[in-house]
Amino acid sequence: MKDALREACALLQQGEIVALPTETVYGLAADAFNPAAVAKVFAAKQRPAFDPLIVHIASRGDLKTVALVPADIADTVEQLTKTFWPGPLTLILPRHPAVPDLVTSGLPTVAVRQSAHPVFRAINKALGHPIAAPSANRFGRISPTSASAVIKELGGRIPLVVDAGACSEGLESTIISIEPRAGKKPIFRLHRAGPITKEQLQQFGRVEKVRDVAGQVLLAPGQLASHYAPRTPLVLLEKPADFQPEAGKRYGLLSYTGADDGPYVTLHDWDCIESLSPGGGKLAEAAIRLFFVMRTLDEAGLDAIIAEPVSETGLGVAIMDRLRRAASGTGTGTGTGTGTGTGTGTGLAKSGMADAI
Ligand code: AMP
Ligand code: MG
C-alpha cells in the first residue's frame, strides 16, 4: 500500500477525517462507526446536523453491517447492486442499529453505496469499517472534483487530502429509495439525479419523483433549493433572449460546447467563456467538467455567470439539477460585458497515483 493510503487509513483509525477521491467527487471521510469522527465531518464542512451522510462499504457483502434489507426488496437490491456497484448509485435502506444517529441525522434509513475508485476502495477495505463521506466542500458550495478544489474549500481544517487526480464522473451519486409492488416491478424514488440515469434504472423498476401527500416534490434532506453555489451570482437561461445585460457589468458564459457560432456564444461580448464539452464528448464530458468550470468562472472576478441550458435527457437531468440549484438563491447579475477571452481548461478524468499533500 502506498504511503498516502497508509497514512489516510491510520488517521481514520485514530478518529480523524481525511479527504479521499471517489469516482463522483472528492469526499470528506470518517469511520462511520465512530460518532466523534463523524462529528468532525459536520464541523469541518459547517454542515447542519439535519443533512445525513452517505455510508460507503468496501464490498457488497458488507451491506448487512449497515442496512437491514427487507425481504420484499431483497431481489431488487441484489439486481441493482450487482449491476451498478461498485459505482455511483446510492440506495436508501432501513438502517442497521450499528450505524450512529449522527450519520443518518436520526432517520430510520441509511444511504449506502460502494465506491468504484481504486484508492477509496483500498482504504475502505483496509479500514475494515464503513466510511461516512459527504462531498469535501463547505456546506452549500461547489463540490470538489480535484484535490486542489478540496484545499480551496477545506484547507487548514483537515489533516490530509489524498490526491488521485480528477474524478471520472464529476457529479454526486444518484440516490434512490425502493418501494416494492406485489407482482410488478418496484418503484424507485429519485432523491437525487446523478450519473446513473433514469434510463439505466428503468430496466429494473419505474423511476418516480419523491412526493409528499400534497403532491409536492420532496428530495433528500440535504437537497436544498440552493446548493452547489458559486459566490458569483449564476443565472441559468432558458433561451438566449432571456439575457438582459446591464451596462458596465462583466459577464462570463458557462457554455455547453463553446462553438463559435452557437446562439449563446454569439449573444454577447463575453468577458470569458468556459465550455462544459469543448472536446465534443457532450453530456458525459459536461458532467465531468461541470464543477470544475463553475469554480473557474467563480474565480474570474465576474459580476455574473450566465449559464446556457443543456438537454434534459440522460446525464443532462443531473447537470440541469445542479445548475438550477447553483442559480437558486444567487442574484441576477446584469450589465454589458466588456472585453473578450476564452478559456476552456482541462478537467477530464485521469487516474493517478495517490500522493499525500
Ligand atoms: P453528499 O454526501 O454531500 O453527497 O450528500 C448526501 C446526500 O444524501 C444528501 O443530500 C442527504 O440528504 C442524502 N441522504 C443521506 N442519507 C439519507 C437518507 N437516509 N434518506 C434520504 N437522503 C439521504
Ligand atoms: Mg454534498
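What counts, and where the lines are drawn
- Positions within a chain are numbered from 1, following the residues in the order the chain's sequence is written.
- For naming, the first written chain is A and the first written ligand is 1, with later ones following in the order written.
- For this predicted model, a pLDDT threshold of at least 70 governs which residues receive local features, and a threshold of 80 or more governs which side-chain atom pairs are given and counted, while totals over whole chains, interfaces and linings are taken from all residues.
- Side-chain descriptors were evaluated using all non-hydrogen atoms of the structure, hydrogens and water having been removed beforehand.
- For helices, the fitted line uses only the C-alpha atoms of the stretch in contact; every axis is such a line through C-alpha atoms, and the angle between N-to-C directions lies from 0 to 180 degrees.
- By the criteria applied, helices consist of DSSP H or I runs no shorter than four residues and strands consist of E runs no shorter than two, each listed in order from the N terminus.
- Each angle receives one of four descriptions, namely roughly parallel if under 35 degrees, roughly antiparallel if over 145, roughly perpendicular if within 65 to 115, and oblique otherwise.
- Helix crossings are classified by the rotation of the near helix relative to the far one: an anticlockwise turn of less than a right angle makes the crossing left-handed, while a clockwise turn makes it right-handed.
- Any two residues whose heavy atoms approach within 4.5 Å are treated as being in contact.
- Each residue gets one of three labels, nonpolar for Ala, Val, Leu, Ile, Met, Phe, Trp, Tyr, Cys and Pro, charged for Asp, Glu, Lys and Arg, and polar for the others, Gly among them.
- The term polar contact refers here to a pair of N or O atoms within 3.5 Å; inside protein, the definition further demands a hydrogen-donor-capable atom paired with an acceptor-capable atom, and it admits residues adjacent in sequence only when both atoms are side-chain atoms.
- Each residue gets one of three labels from its accessible area relative to the maximum for its type: buried under 20%, exposed over 50%, partly exposed in between, using a 1.4 Å probe on protein chains only.
- The arc in question is the one spanned by the directions pointing from the helix axis to the C-beta atoms.
- Per-residue confidence from the predictor is given as pLDDT, running between 0 and 100.
- Pairing of aromatic rings covers Phe, Tyr and Trp, the last through its six-membered ring, and needs centres within 6.5 Å; plane angles under 30 degrees mean stacked, over 60 mean edge-to-face, and all others mean tilted.
- In short, DSSP must find at least two bridges between two strands for them to pair.

### Some words on the packing of helix α9 (residues 282-298) against helix α10 (residues 316-327)
Between α9 and α10, the least distance of the axes is 9 Å, while the angle of their chain directions is 20°. With respect to α10, the axis of α9 lies roughly parallel. Here the hand of the crossing between α9 and α10 comes out left-handed. Counting all contacts with α9, which are made through Leu283, Ala286, Ala287, Leu290, Phe291 and Met294, the residues of α10 involved are Gly316, Ile319, Arg322, Leu323 and Ala326. Looking at the contact of α9 with α10 residue by residue, the class counts come to nine nonpolar, one polar and one charged.

### Observations concerning the environment of Thr296
Note on placement: Thr296 falls in helix α9. A distance of 2.8 Å separates the side chain of Thr296 from the backbone oxygen of Phe292, its partner in a polar contact.

### What about unusual backbone geometry?
Among all residues except glycine, the phi angle is most often negative; among peptide bonds, the trans geometry is most common. Residues Trp85 and Pro86 are joined by a peptide bond in cis, for which omega reads -10°. Despite not being glycine, Gln46 shows a phi value in the positive range, around 55°. In this fold, Gln46 is placed in the loop between α2 (35-45) and β3 (54-56). Under the relative-accessibility criterion, Gln46 is labelled partly exposed at 47%. A positive phi angle is found at Ser105, which is not glycine, with a value near 55°. Overall, Ser105 belongs to the partly exposed group, its relative accessible area being 24%.

### Regarding helix α1 (residues 3-13)
Buried within α1 are the following residues: Ala4, Leu5, Ala8, Cys9, Leu11 and Leu12. Buried residues of α1, viewed axially, fall in a sector of 160°; they line one side. Exposed side of α1, more than 90 degrees from the buried face: Asp3 and Gln13 are the residues found there. Just past α1, the residue Gly15 takes up positive phi, approximately 85°.

### Overview of the confidence of the model for the protein chain
Taken residue by residue, the protein chain gives an average pLDDT of 90. The fraction at 70 or more is 88%. Low confidence marks residues 331-357, where pLDDT is under 50. Its contacts with residues over four positions away, or in another chain, come to 101 contacts.

### Describing the environment of Arg289
Residue position: Arg289 is located in helix α9. Among the polar contacts listed, one links the side chain of Arg289 to the backbone oxygen of Leu276, at a separation of 3.2 Å.

### Examining the packing of aromatic side chains
Tallying each qualifying case throughout the model produces four aromatic pairs. Taken together, the aromatic side chains of Phe243, Tyr251 and Trp270 make up a single cluster linked through ring pairs.

### Looking at the pairing of strand β13 (residues 251-255)
The element β13 is largely enclosed, with a buried count of five among its five residues. As defined by bridge partners, β13 adjoins strand β15 (residues 304-307) across four bridges and the pair is classed as parallel. In the strand pairing of β15, Tyr251 is matched with Ala304. Of the strand pairs in this sheet, β13 and strand β14 (residues 272-275) are connected by four bridges, and their pairing is parallel. When the sheet's bridge partners are listed, Leu253 is paired in β14 with Ile273.

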